[in-house]
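The lines below spell out each chain.
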Amino acid sequence: MYEHDVIVVGAGGAGLRAAIAAHEEGADVALVTKLHPVRSHTGAAEGGINAALREGDDWELHAYDTMKGSDYLGDAPAIETLCQDSPKETIQLEHWGMAFSREDDGRVSQRPFGGLSFARTTYAGAETGHHLLHTMYEQVVKRGIQVYDEWYVSQLAVTNEDDPEERDCHGVIGYDIQTGNVEGFVARDGVILTTGGLGQVFDHTTNAVANTGDGAAMAYRAGVPLEDMEFIQFHPTTLPSTGVLISEGVRGEGGILYNSEGERFMFEHGYANNEGELASRDVVARAELTEVNNGRGINDEYVHLDMRHLGEERIMDRLENILHLAEDFEGVNALEEPMPVKPGQHYAMGGIETDENGETCISGLYAAGECACVSVHGSNRLGGNALPELIVFGARAGRHAAGKDLGEAEISTGKTDDAEMGEVDTPVEPGAVASDDDSAVADGGATFADPTQTVEATLEAERNRVESLLEKDDGIQQAELRSKLQKSMTANVNVFRNEDGLKQALRDIREVREEYQDVYVNDPSRTFNTDLIHTIEMQNLIDLAEAITLGALARDEFRGAHWRQENQERRDDVWLKHTLLSWEDGTPQLWYKPTILEGENKTYEPKERSY
Amino acid sequence: MSTQLTEESESETETERTETPGDRRRAEKKARQGRSSEVQEPTEADEETVHLKVFRYDPEVEGKMDPRFDDFYVPFEKGMTVLDALMYARDRFDTTLTFRHSCRQAICGSDALFINGTQRLGCKTQISDLDGPIRVEPLPHAEVVKDLVVDMEHFYDQMHSVEPYFQTNDEPSDELEEQRQTRENREKIKMSTRCIWCGACMSSCNIAAGDNQYLGPAALNKAFRFAMDKREGEDMKEHRFEILDQEHGVWRCQTQFSCTNVCPKDIPLTEHIQELKREAVKNNLKFW
Ligand SMILES: Cc1cc2nc3c(=O)[nH]c(=O)nc-3n(C[C@H](O)[C@H](O)[C@H](O)COP(=O)(O)OP(=O)(O)OC[C@H]3O[C@@H](n4cnc5c(N)ncnc54)[C@H](O)[C@@H]3O)c2cc1C
Ligand code: SF4
Ligand code: FES
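Residues numbered from 1 in each chain as written. Chains lettered and ligands numbered in written order. Predicted model: local features only at pLDDT ≥ 70, side-chain atom pairs only at ≥ 80, totals over all residues. Heavy atoms only, no water.

Convention followed: UniProt positions are given in the numbering used here, feature names are shortened, and annotations may be inferred rather than shown by experiment.
Labelled according to an unreviewed UniProt entry, chain B appears under the name Succinate dehydrogenase and fumarate reductase iron-sulfur protein, originating from Haladaptatus paucihalophilus DX253. Turning to chain B, the UniProt annotation filed under Sequence similarities (unreviewed entry) states: "Belongs to the succinate dehydrogenase/fumarate reductase iron-sulfur protein family."

In the annotation of an unreviewed UniProt entry, the entry for chain A reads succinate dehydrogenase, and the organism field reads Haladaptatus paucihalophilus DX253. Per UniProt, the comment on chain A under Subcellular location (unreviewed entry) is "Membrane". Here is the UniProt Sequence similarities (unreviewed entry) comment for chain A, exactly as written: "Belongs to the FAD-dependent oxidoreductase 2 family. FRD/SDH subfamily."

Okay, structure coming up:
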């Protein structure tokens, strides 16, 4: 058993920032992460960090752009906090030595990005995330913060009161990947989940193999609602064969999209007459697929992104990394030919419901970063807004967990008795399979006066689960289930969605869930058992895939990244609200809460979104 | 009687005596595992396949305690990387095959392997660039944990030992004001900041192999990144050179260029180390 004040699960951008902040408040902090910190997927971010740093720009403009980008589904208090705190958090990184690109006067460089009314995307070449991740890890090393790397957290130790809002989180259970040892971690003050994205739910994604949404799924099963899960961002420029991302920076610097007829379709086919290639991501992704569906795609699959006209010098200065990616992963020399690109899963706008202080409805449980939904992105995230989210809300969660008074949150969490309940017609029963009884209630499964006992009880249960997965001798293997799930999600819950497809996805998910009852781990070894880990991850993918699909089925309107064939209109009269799913005794319950459009000094009036 | 004997003799091969029913079942599974050595037959004759010879070892599984190579035949697809082939082999043929990987795009640094005798990232190595059969082994000069996974602790320790974090005494007092840096100075450190901690360089270095305390190319490059950053003051530079200018520091490098040759991020490691040597000399002259 290990014990710390604050335990941060995950060590990407959000986790590292949270740990540093909690440490600065004087807490004894530990980072528990399934990958060594520098291997986290934040390292893959390319384009940059939005921060209003320059004259002519200010946080209010940034907030306005973000609210518009979100298609009025972001919560104003969260968005305003993001935009107010981002400048100082970004400069904090600079003070820690981050190798930002520089202007002639020695200040950090900024560039235009889709959906922004000012060139406020602060960057370090086309490898901003790499620098951000390493800079923060360096600060963690400097401060001597304890890191448990290659420890897989498989369960939260949460008490089992009936009402999730009365539950406490006292720690987590981790699995030491190197030795196979399952251990408890007691958190005296709080657990912060920063486990990142869930791209592995889909089979064409920019996300890492490790992005399996573990934190979101664990929190969900422990009783925290998942918010706005239907909003999945599909990035318009990913390499067709691998899903490797070609940064929006390419379009920011002037890259052009062409169809098979050599037309600059963003303009010529009227998708975005003002902004063209720099319209927001959902708009560009739909435009590309429409081109392909109308027979103007190349090889019926993709379009071309051309940056040759930018010239070698500018490319080498600002987009060099893109040349390497195109060469290594698609075999294309982007100085001489256009790059093939198509939309790919990129980002989960939804996630663990939190307030601006990072808190969830379970006391002692926090979340930040991509796994969380404080609701800054609403239905569509602007490029360059995720990295500031990591540092702004990572820092706030860290401070709050360590005991700092950040003031009362304006965003409420948890399901109240008067919450507006939702209904959705599903072709199969969603949620846990009947025999899966003990995972159906709160993870802790017991209430003890002493937090350590709660962790011990959960530890015991988790040791048994691991034991039984290892012991089982035959059945079905996770790799088969994973690929089945991913294929169905990409086929049915992609950029374009319709009722039949979504229902088909639910049927497939159900089938996979039932087959998962029979899953077994082939590798008997306790040493570095990746087979076991992938099997545990698989359960998380199933729950999240289902949450995404249920949300998408419920929301019969077109908003942001969520397009429904039957309802190609944004319906503000009914849908200016968040979808939430709560896991109640193993059954997902759908409910809604209104979007908060009142900001500090003004109310954001929903307008038609045009670019 | 005779069945009992067989069971006995099987469990004797385990290092510890089996106790609970669970332990016994696991032991049986382990033994079975070891016996079914994974030779995948080539698939359909006319299909183009990739022949991988993959290093296998597991200290806990009887049949894998003695290191061996397994053969896998994976259907070839255009653009396939060594990592793709390994994942295919694992997911379709043998889920116990173990290796680190995550980003698939040469940025997380977790899949540095010894492929056809050279340190490379699995995800960045195109199958079509290699002669078959392709030998895939764990990084040399590091302890093998299991299959292709090596212990990275020593590498991390060396990285940590150069104080790999920015240190300055004149941070602007205004939280919104940045420290100015010229484009030239950023350009100077640019390549050194690209390191993804993959460990390929360290593994390729003869000197590091012979001298466990040698800081090694990656850590020296990390030190270069800070020593050359003008935002750190002269006093700090002095301190940095105290760390580098020691018995197991920069002077150990014998300019063999193996690190530079294998670095997947094209960092001119040997050049950086040479430059640090020159600076170290200058620093000393200044003091004497
Ligand atoms: C290719 C790409 C490019 C992008 N470019 C940009 C950009 O230019 N600008 C921008 O603003 N955003 C960008 N984004 C989005 C942004 O990078 C991500 O949203 C963000 O980095 C996520 O950070 P995180 O800290 O939440 O998670 P991650 O960095 O993914 O970290 C997750 C951490 O959790 C750990 N973990 C996960 N599960 C477990 C578990 N069960 N137990 C223990 N540890 C666990 C992992 O080891 C890891 O340390 C990009 C995203 C991608 C994929
Ligand atoms: S210097 Fe190059 S080879 Fe060495 S660890 Fe860094 S990226 Fe890998
Ligand atoms: S998988 Fe990340 S570097 Fe190869």
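**Overview of the domain arrangement of chain A**
Residue and element names in this part refer to chain A. Going by this rule: Residue ranges assigned to each domain were obtained from an automatic or database domain assignment. In what follows, a contact means two residues having at least one pair of non-hydrogen atoms within 4.5 Å. Summed over both partners, the accessible area lost on bringing two parts together, with a 1.4 Å probe, is the buried area. In the sections that follow, a salt bridge refers to a side-chain nitrogen of Lys or Arg positioned within 4 Å of a carboxyl oxygen of Asp or Glu. Here a polar contact means two N or O atoms within 3.5 Å. Within protein one must be a hydrogen donor candidate and the other an acceptor candidate, and residues neighboring in sequence count only if both atoms are side-chain atoms. Each helix corresponds to a stretch of at least 4 residues labelled H or I by DSSP, and each strand to a stretch of at least 2 residues labelled E; elements are numbered beginning at the N terminus.
In terms of domain boundaries, chain A breaks down into domain 1 (2–232 + 346–405), domain 2 (236–343) and domain 3 (451–571). If you average the C-alpha positions of domain 2 and of domain 3, the two centres end up 32 Å apart. Taken together, the six residues of domain 2 in the interface contact six residues of domain 3. Contact between domain 2 and domain 3 buries roughly 480 Å² in total, counting both sides, with carbon and sulfur atoms accounting for 75%. On the domain 2 side of the interface with domain 3, the three residues burying the most area are Asp 282, Arg 286 and Leu 289, jointly 80% of the side's total. Our count for the domain 2 to domain 3 interface comes out at zero salt bridges. The tally of links from domain 2 across to domain 3 stands at one residue pair in polar contact (both at pLDDT 80 or more). In terms of residues, the side of domain 2 that touches domain 3 owes the most to one element, helix H8 (residues 281–296), which gives five residues.

**Digging into the nonpolar core**
Note the threshold: What makes a nonpolar core is a set of buried Ala, Val, Leu, Ile, Met, Phe, Trp, Tyr and Cys residues whose side-chain atoms join them at distances within 4.5 Å. Working definition: with a 1.4 Å probe on protein chains only, accessible area under 20% of the residue-type maximum means buried, over 50% means exposed, and in between means partly exposed.
One finds Met 307 and Met 339 of chain A together with Leu 52, Leu 86 and Val 136 of chain B to be the most contacted residues of the largest nonpolar core, which totals 141 residues. Residue contacts for Leu 52 of chain B: discarding those within four places in its chain leaves Asp 70, Asp 71, Phe 72, Val 74, Ala 85, Leu 86, Ile 134 and Val 136 of chain B. Judged by nonpolar contacts, the second largest core, of 87 residues, contains Val 32, Tyr 148, Leu 541 and Trp 575 of chain A.

**Looking at the domain arrangement of chain B**
Residues and elements named next belong to chain B. To keep things clear, this is the line we draw: Three categories are distinguished: nonpolar for Ala, Val, Leu, Ile, Met, Phe, Trp, Tyr, Cys and Pro, charged for Asp, Glu, Lys and Arg, and polar for the others, with Gly belonging to the last.
Partitioning chain B into structural domains gives domain 1 (35–150) and domain 2 (153–172 + 180–284). Domain 1 and domain 2 are separated by 31 Å when their C-alpha centres are compared. With twelve residues of domain 1 in contact, the opposing surface of domain 2 contributes twelve residues. Surface buried jointly by domain 1 and domain 2 totals about 920 Å² across both partners, of which 57% is contributed by carbon and sulfur atoms. On the surface where domain 1 and domain 2 come into contact, there are zero salt bridges. Taken together, the connections running from domain 1 to domain 2 amount to five residue pairs in polar contact (both at pLDDT 80 or more). Top element by residues in the side of domain 1 that touches domain 2 is strand S4 (residues 118–121). It accounts for three residues. In terms of residue class, the side of domain 1 that touches domain 2 is made up of seven nonpolar, four polar and one charged.

**A look at the environment of Met 236 of chain B**
Residues and elements named next belong to chain B. The topology assignment puts Met 236 in helix H9 (residues 234–244). Owing to a relative accessible area of 13%, Met 236 belongs among the buried residues under this scheme. Note: C-alpha distance between Met 236 and Leu 176 (60 residues apart in sequence) is 24 Å.

**Section: the pattern of salt bridges**
Oppositely charged side chains are able to pair whenever their charged atoms sit close together. According to the stated counting rule, one finds 80 salt bridges over all chains in the structure shown. Between Asp 518 of chain A and Lys 472 of chain A there is a salt bridge whose closest N-O contact spans 3.0 Å. You can see Asp 518 of chain A sitting in the loop between helix H14 (499–516) and helix H15 (530–554) and its partner Lys 472 of chain A sitting in the loop between helix H12 (451–471) and helix H13 (478–492), a full 46 residues away along the chain. Taken together, the salt bridges that share partners define one network made up of Glu 103, Asp 104, Arg 111, Glu 253, Arg 314, Asp 317 and Arg 318 of chain A together with Arg 183 of chain B.

**A short note on the environment of Glu 177 of chain B**
Its place among the elements puts Glu 177 of chain B in the loop between helix H4 (153–161) and helix H5 (183–190). Measuring from C-alpha to C-alpha, the distance between Glu 177 of chain B and Asp 94 of chain B comes to 55 Å, with 83 residues separating the pair along the chain. Every residue in contact with Glu 177 of chain B, bar those within four places of it in the chain, is listed here: Ile 91 and His 95 of chain A together with Pro 172 of chain B.

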